[in-house]
Amino acid sequence: MDKSAYPYHGGRLRWHSSLAKLTFWSFVFIGVIFIFFYRSPSSSSSSSAAAATSSSSSRFHSDPSRRSLRTSSWGGPAWEKKVRTSARIRSRNGFSVLVTGAAGFVGTHVSSALKRRGDGVLGLDNFNDYYDPTLKRARQALLERAGVFIVEGDINDAALLKKLFEVVPFTHVMHLAAQAGVRYAMQNPGSYVHSNIAGFVSLLEVCKEATPQPAIVWASSSSVYGLNTKVPFSEKDRTDQPASLYAATKKAGEEIAHTYNHIYGLSLTGLRFFTVYGPWGRPDMAYFFFTKDILNGKSIPIFEGENHGTVARDFTYIDDIVKGCLGALDTAQKSTGSGGKKKGPAQLRVFNLGNTSPIPVTNLVTILERLLKVKAKRNVMKLPRNGDVQFTHANISLAHRELGYKPTTNLQTGLKKFVRWYLNYYSAAGKKADAR
């Protein structure tokens, strides 16, 4: 047993650490009570987007009261046939994987990659309107053409989750559903607790009762490093100073994962994504709405830290993230429990998935200007105190050693691919709109 867990070890009580932890968990506990006792389920919903460090924009958000827990009708022989067909393994030693948030950015790419290599893949997504659902439906169509069926439902719908596990004995779960975005938490805090905490618990509750229990890989976030100033960020660094509610819920998720691993024998691997970008990305991310606003001749906000300090991000291309996700699935050990009972110690891991090359946001804008052949209207302003941090930088040595993770795409190359997709996608969307 880890003696460091005892506050009197070493002859000195660590008041500051204890107080910080107490404050953090009190906040999370109050949030859970807030959701379950003072808000109806219809007041919030889980997001289909993968969790990643973001620069969210209110222009993509509709009235929070419209963001409800959505589960379309399900069940019946035809529905079950679609579920089984999609989840059918087509390669030797393949997996049967439930991907939550499958219509999200990372979820779509991971689902496609799994299907291409012969794994069985079933998606789950509630298609909420945190950002334009039309983009999520387009991703859904993309996956349907690849043979991946997405069940429309919410991860808080325990009956639906139980039914899915009755129909398919999943070997793995890739949990990517979450309420993403740092700044949006100031507008709709309840949705983060509902999705990232309650939704995660809902999923784990069903997984622990399954026979056999699946191995679970899930999306944490680089945001858990919060106000940590030691760089690059390592998995062993402190994560008890979250700078946003989003970060706090992801940190809570890591503690919840530890609990279910310890009590029920669930194999759990958390992945701390660092600013994921690329084709089919999220419209609330800076690189995405910078592209839109530059093309439309609008000014874009360029934040700077104190004393004109540089704001930088460890931008990580989606294909590299997918390789890390698959590496985590491939190396995940089996859960050791069955029917809610633990039979032995189970694997518990957390990894950074980044690019290890922080790039100033100003450099990102310069690259976009060159690719779009349009000069950006830059509006330089101080970094607001709304949850954003000044920099992120991943130490990926552990992921490299354990998962074989090795990012290969630089920002210039990745943005070129994104811009090509963006222009093609919205050009085609515009033509369809004109045709209507």
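Under the annotation held in an unreviewed UniProt entry, the chain carries the name UDP-glucuronate 4-epimerase and is attributed to Linum tenue. According to the UniProt record, the Subunit (unreviewed entry) comment for the chain is "Homodimer." Taken from UniProt, the Sequence similarities (unreviewed entry) comment for the chain reads in full: "Belongs to the NAD(P)-dependent epimerase/dehydratase family."

Novice: Got a minute to help me understand the environment of L164 in this structure?
Specialist: Relative to the helices and strands, L164 resides in helix α5 (residues 158-167). A relative accessible area of 0% means that L164 is categorised as buried. Ignoring any residue separated from it by four or fewer positions in sequence, one finds L164 in contact with W79, V83, L98, L122, V151 and F170.

Novice: Could you clarify how one ought to interpret the environment of K343 in this entry?
Specialist: Tracing the sequence through the fold places K343 in the loop between α9 (318-331) and β11 (348-353). K343 sits 80 residues away from I263 along the chain, and the two C-alpha atoms are 9.9 Å apart. In this structure K343 touches T336, G337 and S338, once residues within four positions along its chain are discounted.

Novice: Looking at this model, I keep getting lost on a positive patch on the surface. Mind explaining?
Specialist: A cluster of like positive charges, contributed by K323, K416, K417 and R420, occupies part of the molecular surface. With 3 residues, the single largest contributor to the positive patch is helix α12 (residues 411-435). With respect to the secondary-structure elements, K416 resides in helix α12. Owing to a relative accessible area of 46%, K416 belongs among the partly exposed residues under this scheme.

Conventions and cut-offs
Position numbers for residues start from 1 in each chain and track the written sequence from start to end. Local features are withheld for residues below a pLDDT of 70 in this predicted model, meaning they are given only at 70 or higher, and side-chain atom pairs are given and counted only at 80 or more; totals for whole chains, interfaces and linings count all residues. Water and hydrogen atoms were dropped before computing side-chain values, which therefore reflect all heavy atoms in the structure. UniProt positions are given in the numbering used here, feature names are shortened, and annotations may be inferred rather than shown by experiment. By the criteria applied, helices consist of DSSP H or I runs no shorter than four residues and strands consist of E runs no shorter than two, each listed in order from the N terminus. Working definition: with a 1.4 Å probe on protein chains only, accessible area under 20% of the residue-type maximum means buried, over 50% means exposed, and in between means partly exposed. Whether two residues are in contact is decided by their heavy atoms, any of which lying within 4.5 Å being enough. Here the term patch refers to residues with relative accessible area over 30% and no salt bridge, with like charges joined within 9 Å and nonpolar side chains (Val, Leu, Ile, Met, Phe, Trp, Tyr) within 5 Å. Note on areas: Shrake-Rupley with a 1.4 Å probe; residue coverage comes only from the protein chains shown. What counts as a salt bridge is simple: a side-chain nitrogen of Lys or Arg found within 4 Å of a carboxyl oxygen of Asp or Glu. Asp and Glu are treated as the negative residues and Lys and Arg as the positive ones, with His and the ends of the chain left uncounted. Taken as the charge location is NZ of Lys, CZ of Arg, CG of Asp or CD of Glu.

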